[in-house]
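Residues per chain, in single letters:
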Amino acid sequence: MPDAGKDDAPLLAKPRQEYISRKREEFAVAGSQTATHAFGTPYLRSCSLDAVLSWIAFLFICWPIGVVLVLSGCCCGPLLFQRFAMWCLTGPLRNSLLGVLLMRIPSLTYDLAMNGYQFLFQGFEQRMWTDTLLPARREYLDANFGRNLMLWDTVRIGDYGLAREIALDPHRKRAGCLDGWLIKGATLPQATNLPLFFHTGAEYHTAWRKAFREHITGAPSVVAKLKDGGRAAREEARPHLNAWLASGWGGIQPPAALGSRWMAQPVFETLASLLLDVRPTALEGEAKEAWDDLITKVAIYTTVGALYWLLPPSYPPLLQTAGTLAPSALKRFLYLHCNSARPEALAGRPVDWRAFADAVPGVESVTADVNGVRPSGSGASCCEATCGSCLGSSDVPSREEPKVDKLLDSVCMALLLAAAAGTTSGCSNTLAKLLRFPRGVFPKALGNSPQWTEDADEMAALFRACPTDFVIEALRLACPVAGSHKVLDKPMQCPFLDGTVTLPAESIVVANYNTAHLDPKEWGDDAMAFAPGRADHDRYLVWNGPFGRGWENEQPPAPRQCPGEEHAVAVISIVVGAFLDYHKPAGGGPPKNTRTAGDAEAASEPVARSLASEPPQSKSHPLATFCYYAFGGSQ
Ligand code: HEM
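Residues numbered from 1 in each chain as written. Predicted model: local features only at pLDDT ≥ 70, side-chain atom pairs only at ≥ 80, totals over all residues. Heavy atoms only, no water.

Visitor: Quick rundown of the overall build of the protein chain? Include the residues and the values.
Guide: Broken down by element type, the protein chain carries 25 helices and eight strands. When each of the 635 residues of the protein chain is scored for burial, the buried share is 60%. Counting only carbon and sulfur atoms, one obtains 59% of the accessible surface of the protein chain, whose full area is about 23,800 Å². (Helix = DSSP H or I, 4+ residues; strand = E, 2+ residues; numbered from the N terminus. Buried < 20%, exposed > 50% of the residue type's maximum accessible area, 1.4 Å probe, protein only. Areas by Shrake-Rupley, 256 points an atom, 1.4 Å probe, with all protein chains shown as cover.)

So, in structure tokens, the structure goes:
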């Protein structure tokens, strides 16, 4: 184990230090932008060359080293690769790209191998994405190795107390990355000024959240719809959810639903009807065309999201480009059809985007590229240029109003990355408590189909008794957003393996909500058991802070708590509730899902038969078809 925490400054060559200082200055726009990411290294930016090099390194260098480290796991568990990664983080290679790449090897090879194995033979465990460790092995690993472990290129804190501390830290510094994905995430904040990447409490972060609350999540019509158990929201969602249910069953596997149109469409449409008064089934003309186009792109977006997390450090710009289709289609729809400045074309709530933008000082300049300029073909890295040009090139009329345009970039990214992706995944994870799914691609190909769980009636009764308890407990066991990071501003003592390490300032640590939610110190010995209502809502950290602390006060107690937690639970409850009512009506009676359109004979068949999966047909897109086979039946 290296001498953790020692000063690393002398290890850096002078030119490198100069480079870092210069980059820090470039990033420190208006004092609110994150200056560096972990290890004192400025954003690791990706371009096509990075992608090629990283794939070569991945295939020819990382795998051999990784295989040795992983094989050593048979003899000594994850001890060796955990120590190796910690050595990269705290030792002489700290602050270097090489260190970051090497650090990722063990978990990269292990994760990809395990994920591949799971896909093919076992079905996909959501937790695997960001936890590496199989839940079933949790107990053994806890006892032998502790809860705070290296994954990818960060230490993931699985100790509940420490994770909660991170969530509640009012001065939490952030980096331009999502969790451990330093290299990939780096391009995101440069393409959009999403507050997610800004320091907690920074002027931009605070203003954006407040304005988002005022214009979107806390708008009077939205608040009214959530009253009374969300009755009005449910009524509004009925037409498009009926259309969804009548369209049949695509044979989705819940953990893969992030890449599924079958799940993404009803969730996104319910979110849109709740937040923006869009009524998908009532749209006509140009607005309907724009909406259909948007839904297809949202499904591509969620599919790409799933692939994005699975791929090694760099990734083809094509993937990134595909991921920008939805933001620009959404931006177009919001500007044209949910805009108080365009009353003639309304197809939803008239949001005052100009007032929203005016309430967020600096929104037009906070990020864009490193110089505060919107990414374009010149001066930006390849990926930034691809992303930026794609966002800008798709005939989005908001570009005539640059400030509104930049604001819409951030809002669209929030609505897709934070709201839609999280809620879609949360919805599928909740459904997974009601249905049993065939495990893995191969068993599925052999004809296994989704079925109700043995205790489906009991589960349905539990859901109906208190949907919120049911949903938050389901998400405790499978957090859609598995963690949230913090850049240390001072060294941190952290229990690690059989001892303690001192993590130097500027390391990234990630509160690992999946693991923290299984910490027996907090949840008892039956932490793995699904038991809705088992604990106060306040103990659930799924939304980046104690659930339900609410926004009644101007300043919520958890300073970067998800502003959409209440909406997410409402949407999941509405979608899962509709699914349940349709297939298993309360008070017994024959399940309604025994018939798919035009299939009269199936009416008398058992439920499991009619749930059988079919490859995506009418509404599918090529990526969806790929995902159907890759993820075992999602479309
Ligand atoms: C099940 C669904 C959802 C889950 C599990 C979830 C969870 C989270 C988490 C853990 C974060 C912090 C992420 C980080 O620190 O890296 C976050 C941030 C955020 N979420 Fe959600 N969320 C969900 C749905 C929503 C919805 C429906 C909305 C909007 C209506 C929303 C809007 C946001 C925004 C804007 C942020 C950034 C907040 C900030 O940085 O201050 N989320 N969410």
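Having put the structure on the table, let's press on.
Visitor: I'd love a proper account of the packing of helix H17 (residues 402–431) against helix H23 (residues 565–583), names of residues and values included.
Guide: Contact geometry of H17 with H23 gives a least axis separation of 9 Å together with a crossing angle of 45°. For the element pair H17 / H23, the angle class is oblique. As for the relative orientation of H17 and H23, their crossing is right-handed in sense. For the pair formed by H17 and H23, the contact residues are Thr423, Gly426, Cys427, Thr430 and Leu431 on the first element and Ala568, Val571, Ile572, Val575, Val576 and Phe579 on the second. (Axes fitted to C-alpha atoms, helices over the stretch in contact; angles between N-to-C directions. Parallel < 35°, antiparallel > 145°, perpendicular 65-115°, else oblique. Left-handed = near helix turned anticlockwise from the far one by under 90°. Contact = heavy atoms within 4.5 Å.)

Visitor: Describe the site of the ligand, listing the residues and the values that go with them.
Guide: Close contacts around the ligand come from 24 residues, with Arg174, His205, Arg209, Ser484 and Cys562 the closest. A distance of 2.9 Å separates an oxygen atom of the ligand from a polar atom in the side chain of Arg174. Take His205: an N or O atom from its side chain is 2.6 Å from an oxygen atom of the ligand. Counting residues per element, the ones that place at least two in the shell around the ligand are helix H10 (203–217), helix H12 (261–276) and H17. The residue inventory of the shell around the ligand, partitioned by class, reads 14 nonpolar, seven polar and three charged. (Near = heavy atom within 4 Å. Polar contact = N/O pair within 3.5 Å; in protein donor to acceptor, adjacent residues only side chain to side chain. Nonpolar A, V, L, I, M, F, W, Y, C, P; charged D, E, K, R; others polar.)

Visitor: Tell me about H17, residues and numbers included.
Guide: Compared with the 44 Å implied by 1.5 Å per residue over 30 residues, the 41 Å span of H17 between its first and last C-alpha is a close match. The principal kink in H17, of about 25°, is found at Ala420. Across the 30 residues that make up H17, a large majority, 26, are buried. (Expected span 1.5 Å × (residues − 1). Bend = angle between axes of the 7 residues up to and from the residue.)

Visitor: Describe in detail unusual backbone geometry, supporting the description with residues and values.
Guide: Although it is not a glycine, Asp228 adopts a positive phi angle of roughly 60°. Within the fold, Asp228 resides in helix H11 (residues 220–246). By relative accessible area, Asp228 is classed as exposed at 58%. One non-glycine residue with positive phi stands out, namely Asn544, at about 70°. For Asn544, a relative accessible area of 12% corresponds to the buried category.

Visitor: Which residues make up the sheet that holds strand S5 (residues 483–487), and what values do they have?
Guide: The sheet built from four strands is open, its strands ordered S1-S2-S8-S5 with mixed pairing. Edge positions in the sheet fall to strand S1 (149–151) and S5, since each of these pairs with one other strand and no more. Ignoring strand direction, the axes of neighbouring strands in this sheet form an average angle of 35°. Relative to strand S8 (residues 508–512), strand S2 (residues 154–157) is paired through three bridges, and the arrangement is parallel. Bridge pairing in S8 links Arg156 to Val510. In the packing of helix H3 (residues 79–90) onto the sheet, contacts are made with S1 and S2, and the angle to S1 comes to roughly 75°. (Pairing = 2+ DSSP bridges.)

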